[in-house]
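Listed below, chain by chain, are the residues.
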Amino acid sequence: MTKCPNCGALRTGPYCGQCGQNDRDYQRALPPLMSELISEAFEVDSRLVRTLKLLLFKPGELAAEFSRNRRASYVSPIRLYLFVSILFFFFLSLNADVEQTAEERVTIVAEAEAMEDTDTKVLRSRLGAERLRRVEEILARPDGSLSRLLLLQLAQGIEGRDSESLDEGEVFILRELIDALYEPGSVISQFADNLAIGMFFMLPIYALLLKLFYFSQHRFYVETLVFSTHLHSFAFLVLTTTFLFGNPTGIVWVDAASEFLESALSLWIAVYHYLALRRYFGGGHVSTLFKYTGLVFLYFVLLMPTAFLLVLAFTVLSV
């Protein structure tokens, strides 16, 4: 038995029973110390490999291991979720740009030409100097610009109205739409950020839905929360993969294979969800399918309002 240098408690093994500090001594030569650090790094990697192996190829088994209280061999659920979600939303921001086809540009030009005589006086009347500058810049963009067409449609929608008849709510929405048309990339990026927060809020909500749908099993809420975290982590990993292979190359067979892979991976998320429910909670095919359908429906019914409210809240707070 030795005394822990951190807290002074007696230590009977490599870790202190009071504060958890290990017995590694850094006051020694570098080579053996580096050997231990490399060994520890490989132990972390092996834990990650075991985690990903169960997460990707055995739906629901990682959550089952947690319920068996076998946790030390795997990466913690929240750490896994944070790592995967950061990857997902990073690649989402890189793929936010929307390219227009030649046919779409022709249509946009034709529609914009039909609205060239639109009076923008009402549109400009309730805007500050900065947004007036943005309106001028949007209108000066090429005829094939989608933002220019949408601004003309916006002006046409309020054309002929008295500027004083626009209430404060309409003016607020008008200003936000102009900001979105001026710099759509930042809006998409902001929505992606808020969607990430929204999906984080959906973790405990989905876990609560699981608790309600499987109330007869009397599982603890933390168990359904871990299942929800693993399910989201898997979905993020698969969607990140679709981003990596989703960019067009101009080579027909490569793009066709990429589209097929993207569709197959998206389908696999749905199949994985169903299989995970069956493995973890049990039940027959019919009952699982019924609960799966209800869970997916409620999830998306709740997700979009949550993301929208977050966007609105952050927008109001930034004003």
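As a reminder, the structure under discussion sits directly above these lines.
Residues numbered from 1 in each chain as written. Predicted model: local features only at pLDDT ≥ 70, side-chain atom pairs only at ≥ 80, totals over all residues. Heavy atoms only, no water.

1. Notes on the pattern of salt bridges
Then comes step 1: For the structure shown, the criterion picks out five salt bridges.
Then comes step 2: Close ionic contact of Arg68 with Glu65 constitutes a salt bridge, the shortest N to O distance being 2.5 Å.
Then comes step 3: The exposure class assigned to Arg68 is partly exposed, which follows from its relative accessible area of 44%.
Then comes step 4: If you follow the salt bridges from partner to partner, you end up with Glu61, Glu65, Arg68, Arg70 and Arg279 in one network. (Salt bridge = Lys/Arg side-chain N within 4 Å of Asp/Glu carboxyl O. Buried < 20%, exposed > 50% of the residue type's maximum accessible area, 1.4 Å probe, protein only.)

2. A word on helix H6 (residues 129–139)
Then comes step 1: Buried within H6 we find Arg134, Val135 and Ile138. Take H6 and look down its axis: the buried residues cluster within an arc of 105 degrees, on one side only. (Helix = DSSP H or I, 4+ residues; strand = E, 2+ residues; numbered from the N terminus. Arc of directions from axis to C-beta.)

3. Considerations on the nonpolar core
Then comes step 1: Of all hydrophobic cores here, the largest spans 40 residues; its most connected members are Met199, Tyr206, Leu210, Phe227, Phe236, Leu277 and Phe281.
Then comes step 2: Residue assignment for this core shows that the elements contributing at least two residues are helix H1 (30–57), helix H2 (61–67), helix H3 (77–94), helix H9 (184–213), helix H10 (221–245), helix H11 (252–281) and helix H12 (285–318). (Core = buried A, V, L, I, M, F, W, Y, C linked by side-chain atoms within 4.5 Å.)

4. A closer look at empty space enclosed by the protein
Then comes step 1: Per the stated rule, a full pass over the model turns up two cavities of 30 Å³ or more.
Then comes step 2: Taken as a whole, the largest cavity holds about 70 Å³ of empty space.
Then comes step 3: Lining of the largest cavity is provided by Leu55, Lys58, Pro59, Gly60, Glu61, Leu62, Ala63, Phe227, His230, Leu231, Tyr272 and Ala276.
Then comes step 4: Breaking the lining of the largest cavity down by element, the ones donating at least two residues are H2, H10 and H11.
Then comes step 5: A per-class count over the lining of the largest cavity returns eight nonpolar, two polar and two charged. (1 Å grid on protein atoms, 1.4 Å probe; cavity = no way out; pocket = protein on both sides within 12 Å on 5 of 7 lines; lining within 4 Å. Points joined across faces, edges and corners; volume = space filled by probe spheres on them. Nonpolar A, V, L, I, M, F, W, Y, C, P; charged D, E, K, R; others polar.)

5. What about the packing of aromatic side chains?
Two measures describe an aromatic ring pair: the distance that separates the ring centres and the angle between the ring planes.
Then comes step 1: On inspection of all chains with the given rule, the structure shows twelve aromatic pairs.
Then comes step 2: Aromatic side chains Tyr214 and Phe281 sit 4.1 Å apart centroid to centroid with 10 degrees between the ring planes, which places their arrangement in the stacked category. With Tyr214 in the loop between H9 and H10 and Phe281 in helix H11, this residue pair connects regions lying 67 residues apart in the sequence.
Then comes step 3: For Phe281, a relative accessible area of 6% corresponds to the buried category.
Then comes step 4: Taken together, the aromatic side chains of Tyr214, Phe227, Tyr280 and Phe281 make up a single cluster linked through ring pairs.
Then comes step 5: Above the face of the Tyr280 ring, Arg219 is positioned so that its terminal group lies 4.1 Å from the ring centre. (Phe/Tyr/Trp six-rings, centres within 6.5 Å; stacked < 30°, edge-to-face > 60°. Lys NZ or Arg CZ within 6 Å of the ring centre and 35° of its normal.)

6. Here we look at a nonpolar patch on the surface
Then comes step 1: There is a patch of nonpolar side chains on the surface, built from Ile205, Phe297, Val301 and Leu302 and spanning about 340 Å² of accessible area.
Then comes step 2: The biggest single contributor to the nonpolar patch is H12, with three residues.
Then comes step 3: Within the secondary structure layout, Val301 lies in helix H12. (Patch = residues over 30% accessible without salt bridge, like charges linked within 9 Å, V, L, I, M, F, W, Y side chains within 5 Å. Areas by Shrake-Rupley, 256 points an atom, 1.4 Å probe, with all protein chains shown as cover.)

7. Remarks on the state of the cysteines
Then comes step 1: On inspection of all chains with the given rule, the structure shows zero disulfides.
Then comes step 2: Here Cys4 is not disulfide-linked; the sulfur of Cys19 is the nearest cysteine sulfur, at 3.7 Å.
Then comes step 3: Considering cysteine sulfurs only, Cys7 is the nearest to Cys16, which forms no disulfide, with 3.5 Å between them.
Then comes step 4: Overall, Cys16 belongs to the buried group, its relative accessible area being 6%. (Disulfide = S-S within 2.5 Å.)

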